[in-house]
Amino acid sequence: MARISAILASVLVIVGLSVGAYVVVTRANADPFADCRRGNVAGGAAAIGGPFALEDGAGRTVTDVDAITGPTLVYFGYTFCPDVCPTDMSRNALAAADVAAKGGHVGNVFVSIDPERDTPTVVHDFVQSIDPAIVGLTGTPDQVAAAARAYKVFYRKAGDDPKYYMMDHSTFTYLMAPKVGFLEFFTSDARPEDVAASVSCFAAKL
């Protein structure tokens, strides 16, 4: 009886391992980045990202293809933002430096959602003050609106002051990659080391 029980136990272990392996393989085949993802996005990953055409600090047209040539952190904000935008962009710059220190690379893009005040020169000066490697982009109201729609970014003017108004806006940082598109998003409370670790995980599978 003991021998039969041992054999049955072994069979059950083998079956269990086989089922587990099947689940892991199936999951990997369904999403090669499954092990790197922290959660799901409403509407699916394909809902985030898309074509855009904006201007850099020199007034040159930059498309999504130009800006996203490898793993890239994309953030929508504005230069007059008193707190969260410079904080998030500084965090992203630290994450990029962490990735670089480990031999990797991640691009950094800042897109203004305040085209009324954020000229190419203003945006250029803003990103340069944080990290010269950041690509700062702005554009016409229509160009900015199109980019924001593609990335499901909410924004609107807050207050009536014609010069010193604030902007309400979503504050996600998106990790994008060419041909793949959206990979992950980070909230403002994500730490630089956590963003860097996530970037490295995805980059290793690209």
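Residues numbered from 1 in each chain as written. Predicted model: local features only at pLDDT ≥ 70, side-chain atom pairs only at ≥ 80, totals over all residues. Heavy atoms only, no water.

Caption draft 1: Looking closely at the pattern of salt bridges. Counted according to the given criterion, the structure contains 9 salt bridges. Asp31 is the salt-bridge partner of Arg37, the closest N and O atoms lying 2.6 Å from each other. What makes Arg37 partly exposed here is its relative accessible area of 24%. We note a salt bridge from Asp194 to Arg191, for which the minimum N-O separation is 2.8 Å. Taken together, the shared-partner salt bridges in this structure form one network comprising Arg191, Glu193 and Asp194. (Salt bridge = Lys/Arg side-chain N within 4 Å of Asp/Glu carboxyl O. Buried < 20%, exposed > 50% of the residue type's maximum accessible area, 1.4 Å probe, protein only.)

Caption draft 2: Local environment of the confidence of the model for the protein. Considering every residue of the protein, the mean pLDDT works out to 87; 82% of them sit at 70 or more. The low-confidence segment residues 1-28, where pLDDT is below 50, has 2 contacts with residues more than four positions distant or belonging to other chains. (pLDDT = per-residue confidence, 0-100. Contact = heavy atoms within 4.5 Å.)

Caption draft 3: Molecular detail of unusual backbone geometry. A positive phi angle is found at Lys152, which is not glycine, with a value near 55 degrees. The topology assignment puts Lys152 in the loop between helix H5 (141-150) and strand E6 (155-158). In this model, Lys179 sits at a positive phi of 70 degrees, which is unusual for a non-glycine residue. Positionally, Lys179 belongs in the loop between strand E8 (173-177) and strand E9 (181-186). (Helix = DSSP H or I, 4+ residues; strand = E, 2+ residues; numbered from the N terminus.)

Caption draft 4: Representation of the side chain of Arg91 within the structure. Residue position: Arg91 is located in helix H3 (residues 84-101). Although Arg91 lies buried, it forms no salt bridge, and the closest oppositely charged side chain, Asp88, sits 4.4 Å away as judged by the N-O distance. Looking at Arg91, its side chain comes within polar contact range of the side chain of Thr173, at 3.3 Å. Excluding residues that lie within four positions of it along the chain, Arg91 makes contacts with Thr173, Phe186, Thr187, Ser188, Ala190, Arg191, Pro192 and Val195. (Lys, Arg positive; Asp, Glu negative; His and termini not counted. Polar contact = N/O pair within 3.5 Å; in protein donor to acceptor, adjacent residues only side chain to side chain.)

Caption draft 5: Expanded view of the packing of H3 against helix H6 (residues 192-205). In contact at an axis separation of 8 Å, H3 and H6 are set at 50 degrees when each is read in the N-to-C sense. With respect to H6, the element H3 is oriented oblique. Crossing of H3 over H6 shows right-handed handedness. From H3, Arg91, Leu94, Ala95, Asp98 and Val99 reach across to H6, where they touch Pro192, Glu193, Val195, Ala196, Val199 and Ser200. Within the contact of H3 with H6, the residues separate by chemical class into 7 nonpolar, 1 polar and 3 charged. (Axes fitted to C-alpha atoms, helices over the stretch in contact; angles between N-to-C directions. Parallel < 35°, antiparallel > 145°, perpendicular 65-115°, else oblique. Left-handed = near helix turned anticlockwise from the far one by under 90°. Nonpolar A, V, L, I, M, F, W, Y, C, P; charged D, E, K, R; others polar.)

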